[in-house]
Amino acid sequence: MNNILITGASGQIGKILVKKFNKNKIIGLDIIQSQKANFPFIEIDLKNGKKLKRWKKILEEVNILIHLASTVNSSQDIIKDGIDSIDLNIHATLNLLQNLPNLKQISFASSYMVYGTPKKNPVLESHSTNPENTYAASKLLTEKILRVYSEKMKINFTILRFMGIYGIVSPYIKQAIPSFIEKIMKNENPIIFGSGKVKRNHIYIDDAIDAIITSIKNKKNGEYNIGGFDSPTNLEIIKIINKSLDMKIKPNFKNSENKEHSFVTNISKARSILQFNPKISIKQGIEKTIQKYNDEGYGQKF
Amino acid sequence: MMKGMDKNFKNKIILVTGGTGQVGSFLVEKLCKKGAKVFVIGRDKNNLKEIEYLVKLKKVIFLECDLTNIKDFTKISNSLKKVNFLIYLSSELNKMEPDIIANASDAIDLNVKGVIHLLKITPNIKGIIYASSTSVYGKTNKISINEKNITNPISFYGCSKLGAEKYLDIYCKYNSILLNVLRYSTIYGPRNRTNQIIPILIKKALKNETITLSGKGETKRDFVYIDDVIDVTMNSINNYQNGIFNIGSGKGITMYEIAKTILKLTNSKSEIIFDGISNKLNFVANIEKAKKNLNLRCKTNIDKGILNEIKWHKLN
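The structure reproduced in this document is the subject of the present report. Computed from a predicted structure; not experimentally measured.

In terms of regular secondary structure, chain B is built from eleven helices and 13 strands. For 316 residues, the compact-globule estimate of 2.2 N^0.38 gives 20 Å, and the C-alpha radius of gyration of chain B, at 19 Å, lies within 12% of that figure. Its C-alpha atoms put chain B at 55 × 40 × 40 Å along the principal axes. With 316 residues in all, chain B has 56% of them scored as buried. Within chain B, contacts between residues at least 6 apart in sequence are counted, and of these 79% link residues at least 24 apart. Charge separation in chain B, taken as the distance between the mean sites of 50 positive and 28 negative side-chain charges, equals 7 Å.

Written out as structure tokens, the structure is:
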């Protein structure tokens, strides 16, 4: 029976996640279906709740929700983007819940950004939550609403607060690690915004996927930081990339728009309660990512 | 009261949302006395209640607007261009509809989206006071809750209040506007039209109906009297500073004590019974920060406060 609903199934993480499940277990959902699926796929804009009714029969079977669908606009302009962040993330989630009468478990992909600027590193789950953009605010508010809903409906509910995920090759991804790799592979200087000395515990895609699967298996309520165990600076990352490619390309520095700060999450709670065990070191992760670029024939394609 | 205070108000063009409610109506009266120019937004111009006389005297400009209706906003936007100070008091209280998703959706629409829509039509605001609620904290085991406590609301209402705080915080930092968040605990006293515990008990006591308390009536809550709330809210306008402040009495009082006090003050023959199911929803606000920074003083004792509320209910 297809009883696991994965929203954001066409997204960068969703696309990989769906492959980890038996096709007879899952239902995909996204605004567009980007690739052929051998499992049921609901192509819908969740903003429009009424359309969900058409899928009533399929949705009634759903017991487990893996909720990845979300906007990625991290604008700080409340006037321009505030309402959209609420409609697209919060109302969309409520529309979905309205149509899942037999739900027993939710795993929700949130973000380290809900914390705002860290008061102290590494950041624990009990750190204060002061979002600094519309994306983070809507993620936090969705967390809180899902928590109330789950308590009222007696549903298991896990919040995964992801650190930046890397290891995906896509023209849409503009984060530090892939942009450094792309530049160095092209023999160009990677651009570092700020000093390059601040640390992040980036998480490799396979470990992020593992966290989601573990959360479904272990049914542990609460919020968990999901990040890597290494906390490299951008300078260190560039060093690792150079070494892996046998290159010696220096970065160019640009002023950062925002004040820069390290952001390292403490993942002990996820390790001990969720039994999440990230396995990929930053060095291995970068090597694997470079391998993916090679496999994709990077240079001709991008 | 500090000297030179009134000057502070004469320069202000203040918009009060929820200006016909309990806090709103008392506050609007005070602001008018101080010489502030006051706009009030409300849903129904035929239901101005205690501020009707001020609208008639043209001391208050009333704008009819439903904060969830975008069409209404365009109607009033011209009038609000000059507003330089916002006091946001409107709120959608916990509805008890059977459809819990609809409850969540309504709370988000009024309490979060309503705030953002309003910010769009008030581009010249320099300061905001946002009336939040201690319901943002949720269930807790601690005896006294300060502003740094973790926020895990147990109601959609609490979620929406917390959400609005967060969106406002981003807006105010981005636009260099001062934001003062007042997390009110349960307010009581005259003009209390809510369906919270004190008015419910008073109405039952006046009709000599049986009163049922959860558990053994041992749940402790923090009740703050309306006059004390108004005073501290006025102080916060006057002595304006960024921050989040608990506004309560700082004292826990059990439901049983409240019920007994109400029965005594109404000479009621109501009987108190206990359902034996403890709800474990104790809440007492730590109010040290507001005492220190906003000069919060809880002058009204609970007996006198409840007596004043009883008198009001008898007349209304």
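Accessible area lost upon the coming together of the parts is a frequently used measure of interface size. Of the residues lining the interface, 34 residues belong to chain A; the matching set on chain B comes to 29 residues. Here chain A meets chain B over a buried area of about 2700 Å², counting both sides, of which 73% is carbon and sulfur. Interface area lost by chain A to chain B is led by A:Ile78, A:Ile79 and A:Ile83, which between them contribute 22%. Along the contact surface separating chain A from chain B lie one salt bridge. Residue B:Lys113 pairs with A:Asp87 through a salt bridge whose shortest N-O separation is 2.6 Å. Put simply, chain A and chain B have ten residue pairs in polar contact (both at pLDDT 80 or more) between them. Where the side of chain A that touches chain B is concerned, the elements lending two or more residues are helix H3 (78-98) and helix H4 (134-153) of chain A. If you tally residues by element for the side of chain A that touches chain B, the top one is H4(A), at 13 residues.

Following A:Asn121, the chain continues into A:Pro122 via a peptide bond in cis, with omega recorded as -10°. When you line up the elements, A:Pro122 lands in the loop between strand E5 (105-111) and H4. One non-glycine residue with positive phi stands out, namely A:Lys154, at about 55°. Relative to the helices and strands, A:Lys154 is located in the loop between H4 and strand E6 (156-162). Since its relative accessible area comes to 72%, A:Lys154 is described here as exposed. Of note in the backbone geometry, B:Lys49 takes a positive phi value of approximately 50° without being a glycine.

All names here are of chain B. Examined against the element boundaries, Thr122 turns out to sit in the loop between helix H5 (100-120) and strand E5 (127-133). Taking the relative accessible area as the measure of exposure, Thr122 reaches 0% and is therefore buried. Residues within four places of Thr122 in sequence aside, it is in contact with Leu15 and Leu80.

Here we come to the sheet that holds strand E3 (residues 41-43) of chain A. Residues and elements named next belong to chain A. Pairing is parallel across the open sheet formed by seven strands, whose spatial order is E3-E2-E1-E4-E5-E6-E10. One side of each edge strand has no neighbouring strand; the edge strands of this open sheet are E3 and strand E10 (222-226). Here the average twist between neighbouring strands, direction ignored, is 20°. Pairing of E5 with E6, which is carried by seven bridges, proceeds in the parallel orientation. Bridge pairing in E6 links Ile106 to Phe157.

What follows covers the packing of H3(A) against helix H6 (residues 156-174) of chain B. Two elements in contact, H3(A) and H6(B), have axes separated by 11 Å at closest approach and are oriented at 160°. Classified by the angle their axes make, H3(A) and H6(B) are roughly antiparallel. Along this stretch, H3(A) crosses H6(B), giving a crossing that reads as right-handed. Facing A:Ile78, A:Ile79, A:Gly82, A:Ser85 and A:Ile86 of H3(A), the residues of H6(B) in contact are B:Tyr167, B:Ile170 and B:Tyr171.

Now for the sheet that holds strand E4 (residues 85-88) of chain B. Residue and element names in this part refer to chain B. Spatially, the seven strands line up as an open sheet ordered E3-E2-E1-E4-E5-E6-E11, and their pairing is parallel. Of all the strands in the sheet, the pair left with one neighbour each is strand E3 (60-64) and strand E11 (243-247). Across this sheet, the average inter-strand angle for adjacent strands is 20°, counted without regard to direction. Where strand E2 (residues 37-42) lies against E3, five bridges are found, and the strand directions are parallel. Counterpart to Val38 in the pairing with E3 is Val60. Sitting on the sheet, H6 is in contact with E5, strand E6 (178-184) and E11, with an inclination near 160° to E5. Across the sheet, helix H8 (residues 226-238) touches E4, E5, E6 and E11, and the angle it forms with E6 is around 170°.

Maximum bend of H3(A): about 30°, positioned at A:His91. Where H3(A) begins, the side chain of A:Asp77 points an oxygen toward the backbone nitrogen of A:Ile79, at a separation of 3.2 Å.

A pair of packed helices can be characterised by two numbers: the angle between their axes and the separation between those axes. Residues and elements named next belong to chain B. Two elements in contact, helix H9 (residues 255-266) and helix H11 (residues 302-315), have axes whose closest approach is 10 Å; the angle formed by their N-to-C orientations is 55°. Taken together, the axes of H9 and H11 lie oblique to each other. H11 is crossed by H9, and the crossing has right-handed handedness. Only Ile302, Asp303, Ile306, Leu307 and Ile310 of H11 make contact with H9, whose side of the interface consists of Ile258, Thr261, Ile262, Lys264, Leu265 and Thr266.

A:Leu5, A:Ile106, B:Ile41, B:Leu80, B:Leu118 and B:Ile128 are the most contacted members of the largest nonpolar core, which totals 70 residues. Examining the composition of this core, we find that eleven residues originate from one element, H5(B), more than from any other. Residues contacting B:Ile41, with those up to four places away along its chain left out, are B:Leu15, B:Val16, B:Thr17, B:Gly18, B:Gly19, B:Phe62, B:Leu63, B:Cys65, B:Leu67, B:Ile76, B:Leu80 and B:Leu118.

Time to look at the packing of aromatic side chains. The final tally for this structure, using the stated rule, is nine aromatic pairs over all chains. Between B:Tyr137 and B:Phe283 the ring centres are 6.0 Å apart and the planes differ by 20°, which places this aromatic pair in the stacked class. Placement of B:Tyr137 in the loop between E5 and H6 and of B:Phe283 in the loop between strand E13 (272-274) and helix H10 (288-294) is noted, with a sequence separation of 146 residues between them. Of the residues examined, B:Tyr137 reaches a relative accessible area of 1% and is grouped as buried. Among the aromatic residues, those joined into a ring-pair cluster are A:Tyr112, A:Tyr115 and A:Phe263.

Moving on to the environment of A:Ala208. Residue and element names in this part refer to chain A. With respect to the secondary-structure elements, Ala208 resides in helix H6 (residues 205-218). For the pair formed by Ala208 and Ile226, sequence separation is 18 residues and the distance between their alpha carbons is 7.2 Å. With near-sequence residues (within four places) excluded, Ala208 lies in contact with Phe162, Ile165 and Ile203.

Definitions and limits used
Residues numbered from 1 in each chain as written. Chains lettered and ligands numbered in written order. Predicted model: local features only at pLDDT ≥ 70, side-chain atom pairs only at ≥ 80, totals over all residues. Heavy atoms only, no water. Helix = DSSP H or I, 4+ residues; strand = E, 2+ residues; numbered from the N terminus. Rg over C-alpha atoms; globule rule 2.2 N^0.38 Å. Buried < 20%, exposed > 50% of the residue type's maximum accessible area, 1.4 Å probe, protein only. Contact = heavy atoms within 4.5 Å. Lys, Arg positive; Asp, Glu negative; His and termini not counted. Charge placed at Lys NZ, Arg CZ, Asp CG, Glu CD. Buried area = accessible area lost by both parts, 1.4 Å probe. Salt bridge = Lys/Arg side-chain N within 4 Å of Asp/Glu carboxyl O. Polar contact = N/O pair within 3.5 Å; in protein donor to acceptor, adjacent residues only side chain to side chain. Pairing = 2+ DSSP bridges. Axes fitted to C-alpha atoms, helices over the stretch in contact; angles between N-to-C directions. Parallel < 35°, antiparallel > 145°, perpendicular 65-115°, else oblique. Left-handed = near helix turned anticlockwise from the far one by under 90°. Bend = angle between axes of the 7 residues up to and from the residue. Core = buried A, V, L, I, M, F, W, Y, C linked by side-chain atoms within 4.5 Å. Phe/Tyr/Trp six-rings, centres within 6.5 Å; stacked < 30°, edge-to-face > 60°.

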